[in-house]
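Coordinates in review
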Amino acid sequence: MQRITLRSAALGAVLLTAAAMLLLWVTHLGHPDMNARADEKSVNDSMALPKPAPDTRKVKFYRNPMGLPDISPSPKKDSMGMDYIPVYEGEEHDGNSISVSPGKVQRSGVETVAAVKQSMTRTIKAPGVIQLDERRISVIAPRFDGYVESVGPATTGTHVKKGDPLVTVFGQEVQNQGVRLIIEQNAGGRGDEATALSNGKFAPGGVIGARRRLVNLGVPVEYIETVIRERRVPDTLTFRGAGDGVILERNVVEGQAFKAGDVLFRLADHSQVWMMADIAEGDIDAVSAGQTAIIKTRAHPGKQFIGKVAVVYPHLTKETRTARVRIELPNSDLALLPDMYGDVEIATGAAAMAVAVPASAVIDSGNRQVVILDLGDGRFEPRDVKLGRKGDGFTEILDGVAEGEKVVVNGNFLIDAESNLQSALKTFSAPSVPEAKP
């Protein structure tokens, strides 16, 4: 029993010593979890971002986030739960300038260009139709009564050259004057008359009368020369083409009788034609003689014909409210045919330089014309302008914008709406924010 008691006492002493040592280790070394948490806190403290400096700006008022003309002196939410946007002192600009955030400018696709000086040209487009040149139409119409002996091979629509025989006729009056010419020639002298006909002057004496009557009857010169040279009167005379052209009318057959003044042939020279364009009433003032015109036809796709404006007719077509403009066109290859339709483009405008902006930069409400100027740094200014001529996508600015100033050409309606919004906000006086009592 004594041995058991001694062993129990020794075991208790060992246990007490172990417990004391464990308590000492916990006290001096600390718990492992507690050290890990302390290390983690130290790391987090070293990686923490610096706290932002407090916003010292003074809020002037809060505006509606949806752009409605509603302001509040204190923060609040709208009917959809959106926070009102604070407006700080110094954010508003004097005059009509407005500020738009860069994000909104980018999302809206706002584009700006500089106003430049350039010549104001305007292209007027109009439909037209090809017509014959009235000055290049000729007829074969004898000045005496007679009969048709023979007709040349030319028919309606065929092309003839200068000097080609068209018709051979007999005329009794021509025969009589030919005989008289021979009689007067015998009385006046053969040599003088031959000399007179060759150099274009008339010889003295009665020969002048007979020859003059033949000329007045429209007898060709070759017929008169034959009478004088051979001293005989041919039974018939031949009318030839006076120039190159196309037969428009052929009104004769062999054996046909005709009266003085009857049209036997009608010819037209197609080497130059007219384009008759119908210009709208509002464009008449810009068109004048001498301007260059470009004509395109459906018959010749991809080909352009260049002409000059010759005449602007001094009257309007009542039904269409258009004026006719005559354009002269060379047509040596006969590509342009009468009554052919075409599209006409006339370049108009003065060569003088003027300040101009793209037409899309102008906001025209009818009573007011405005452009949006880009002042930089997200600031824009609506400015009233006075407009001048318009042409080819540009508008002349007479007053309001100087050369080099940047104007908004895309997204200007959004900025104009923002300007109207801020103008509306300015009409409301923001109530003063009550100061907190100490």
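So, a few notes on the structure that sits alongside this text. This is a predicted model, so every value here is computed, not measured. (Residues numbered from 1 in each chain as written. Predicted model: local features only at pLDDT ≥ 70, side-chain atom pairs only at ≥ 80, totals over all residues. Heavy atoms only, no water.)

This part takes up the overall build of the chain. Assigned secondary structure in the chain consists of eight helices and 27 strands. Taking contacts inside the chain between residues at least 6 apart in sequence as the whole, the part at least 24 apart equals 71%. When the accessible surface of the chain is totalled, it reaches about 27000 Å², and 55% of it is carbon and sulfur. (Helix = DSSP H or I, 4+ residues; strand = E, 2+ residues; numbered from the N terminus. Contact = heavy atoms within 4.5 Å. Areas by Shrake-Rupley, 256 points an atom, 1.4 Å probe, with all protein chains shown as cover.)

Now for the sheet that holds strand β8 (residues 137–140). As summarised here, the arrangement of the four strands in space is β8-β15-β13-β10, forming an open sheet in which the pairing is antiparallel. Whereas interior strands pair on both sides, the edge strands pair on one side only; in this sheet they are β8 and β10 (159–160). (Pairing = 2+ DSSP bridges.)

Take the pattern of salt bridges next. Scanning all chains against the criterion turns up 18 salt bridges. The residue R213 makes a salt bridge to E184 at a minimum N-O spacing of 3.5 Å. Here the residue R213 occupies a position in helix α6 (residues 207–216), and E184 occupies one in helix α4 (residues 172–188), the gap between them amounting to 29 residues. Judged by its relative accessible area of 27%, R213 falls in the partly exposed class. Classification of E184 as buried rests on a relative accessible area of 15%. Close ionic contact of E230 with R232 constitutes a salt bridge, the shortest N to O distance being 2.6 Å. Look at E230 and you get partly exposed, because its relative accessible area is 38%. (Salt bridge = Lys/Arg side-chain N within 4 Å of Asp/Glu carboxyl O. Buried < 20%, exposed > 50% of the residue type's maximum accessible area, 1.4 Å probe, protein only.)

Let us now look at helix α7 (residues 221–230). Of the positions making up α7, those classed as buried are Y223, I224, T226, V227 and I228. Looking one or two residues past α7, R231 carries a phi angle of roughly 55°, positive in sign.

Checked against the element boundaries, E405 lands in the loop between β26 (394–399) and β27 (406–410). Judged by relative accessible area, E405 falls into the partly exposed class, the value being 26%. When the C-alpha positions of E405 and A114 are compared, they lie 5.3 Å apart, and in sequence the two are 291 residues distant. When neighbours within four sequence positions are excluded, E405 is seen to be in contact with V113, A114, A115, L373, R383 and G400. At 3.3 Å, the side chain of E405 and the side chain of R383 are in polar contact. (Polar contact = N/O pair within 3.5 Å; in protein donor to acceptor, adjacent residues only side chain to side chain.)

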